[in-house]
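Chain and residue survey
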Amino acid sequence: MANPTLDPATKAEPAAKPKPSVVRAVRTIFSKSDETDEGRVIARRRRFVMAAVLGTLSLNLLMFLRFFFPRALYEPKTRFRIGYPSDFGFGVDTKFQNQYRIWVVRNTEGIFVISAICTHLGCTPDWKPSENKFKCPCHGSGYDPEGINFEGPAPRPMDRAHVELDPEGQILVDLSHLYQWPKGERSQFGDTDSSGSGGAILRNV
Ligand code: FES
């Protein structure tokens, strides 16, 4: 009977070389199987190099993804609806001060919208109901309930925004279209637009 260990026909095939793969390479680099000091030093260097490569690749990937999220500046809307005229009683309504930086005022003539920006250097004045006036906290300018300056360094009344009624009857405010009363000049606070559908004030509402 032939000895299988001596029989060339049954000679064992050499073990197949494992195919290289990224996973195996990373596992080898990070494995702690190196027994000798030299092996440990080499392994440490490999880990360092691999960490540096992975770090660089990650950084590049993040920078690439950053392009899909531009640093956009979201400005507040300049045209918006604030509700129906019946929502506003007589006097100063401050509920849109933080959202749109405006006050809505109803007086005996109608409804108008004041841009809440001090005409001195642009601070936001405070409405003081007990004193029935707007008071600027920066340099002390004072304005009456209609936004007309009467004390402090403010050079003119606060501006008013264009207002009109939309088809549903809601008040549409346009802060990109302001009406002013420059010192010594004609007041624009009674102006209406050419179509007559809106202006500095909504009358009879
Ligand atoms: S900014 Fe209002 S008084 Fe100066």
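Summary of the structure given here.

Each value, and the rule that gives it
Residues numbered from 1 in each chain as written. Predicted model: local features only at pLDDT ≥ 70, side-chain atom pairs only at ≥ 80, totals over all residues. Helix = DSSP H or I, 4+ residues; strand = E, 2+ residues; numbered from the N terminus. Buried ≥ 20, exposed ≤ 12 C-beta atoms within 10 Å, placed from the backbone. Contact = placed C-beta atoms within 7 Å. Pairing = 2+ DSSP bridges. Core = buried A, V, L, I, M, F, W, Y, C linked by C-beta atoms within 7 Å. Expected span 1.5 Å × (residues − 1).

Quick look at the overall build of the protein now. Counting secondary structure elements, the protein contains three helices and 12 strands. Going through the 205 residues of the protein one by one, you find that 20% of them count as buried. For the protein, contacts bridging at least 24 residues in sequence account for 40% of all contacts bridging at least 6.

Another point: the pairing of strand β9 (residues 160-165). Looking at chain direction, strand β4 (residues 110-115) and β9 are connected through two bridges and run antiparallel. What sits directly across from valine 113, in β9, is alanine 161. Where β9 meets strand β11 (residues 198-199), two bridges bridge the pair, whose relative direction is antiparallel. Opposite glutamate 164, over in β11, you have glycine 198 as the bridge partner.

With that settled, the discussion passes to unusual backbone geometry. Even without being a glycine, arginine 101 presents a positive backbone phi close to 60°. With respect to the helices and strands, the residue arginine 101 is situated in the loop between α3 (97-100) and β3 (102-106). Positive phi, normally seen in glycine, also occurs at asparagine 132, with a value near 55°. Taking the number of C-beta atoms within 10 Å as the measure of exposure, asparagine 132 has 11 and is therefore exposed.

What follows concerns the sheet that holds strand β6 (residues 133-135). Read from one edge to the other, the open sheet built from four strands follows the order β5-β6-β7-β8, with strand pairing classed as antiparallel. Each end of this open sheet is capped by a strand with a single partner; those strands are β5 (126-128) and β8 (149-151). Both β5 and β6 contribute to a ladder of three bridges, which runs antiparallel. Among the inter-strand pairings, lysine 128 is bridged to a residue of β6, identified as lysine 133.

Our focus in this paragraph is the pairing of β3. β3 sits mainly inside the fold: four of its five residues count as buried. Relative to β3, strand β2 (residues 91-93) runs antiparallel, the two sharing three bridges. Bridge pairing links valine 92 to valine 105 in β3. One ladder, built from five bridges, connects β3 with β4; its direction is antiparallel. By the bridge assignment, valine 104 is partnered in β4 with valine 113. Here β3 hands over to β4 after three residues, the two strands then running antiparallel side by side.

Right, let's talk about the nonpolar core for a bit. Within soluble globular proteins, side chains that are nonpolar generally end up buried alongside one another. Counting 23 residues, the largest nonpolar core has Ile102, Phe112, Val113, Ile114 and Val163 as its most contacted members. Counting only elements with at least two residues in this core, the list comes to β3, β4, β9 and β10 (171-179). Setting aside residues no more than four positions away along its own chain, valine 163 makes contact with Ile111, Phe112, Val113, Ile171, Val173, Gly198 and Leu202.

What follows covers helix α2 (residues 37-66). The end-to-end C-alpha distance of α2, which contains 30 residues, comes to 43 Å, matching closely the 44 Å that a straight helix rising 1.5 Å per residue would cover. Counted residue by residue, α2 has zero buried out of 30 residues, so it is predominantly exposed.

The next subject is the environment of aspartate 87. Residue position: aspartate 87 is located in the loop between β1 (79-83) and β2. Counting along the chain gives 84 residues from aspartate 87 to isoleucine 171, while the straight-line C-alpha distance between them is 10.0 Å.

Right, let's get into the environment of isoleucine 114. In this fold, isoleucine 114 is placed in strand β4. Measuring from C-alpha to C-alpha, the distance between isoleucine 114 and histidine 162 comes to 9.5 Å, with 48 residues separating the pair along the chain. Once residues within four sequence positions are removed from consideration, isoleucine 114 is found in contact with Ile102, Trp103, Val105, Gly147, Met158 and Arg160.

None of the figures reported here should be taken as evidence of function without further support.
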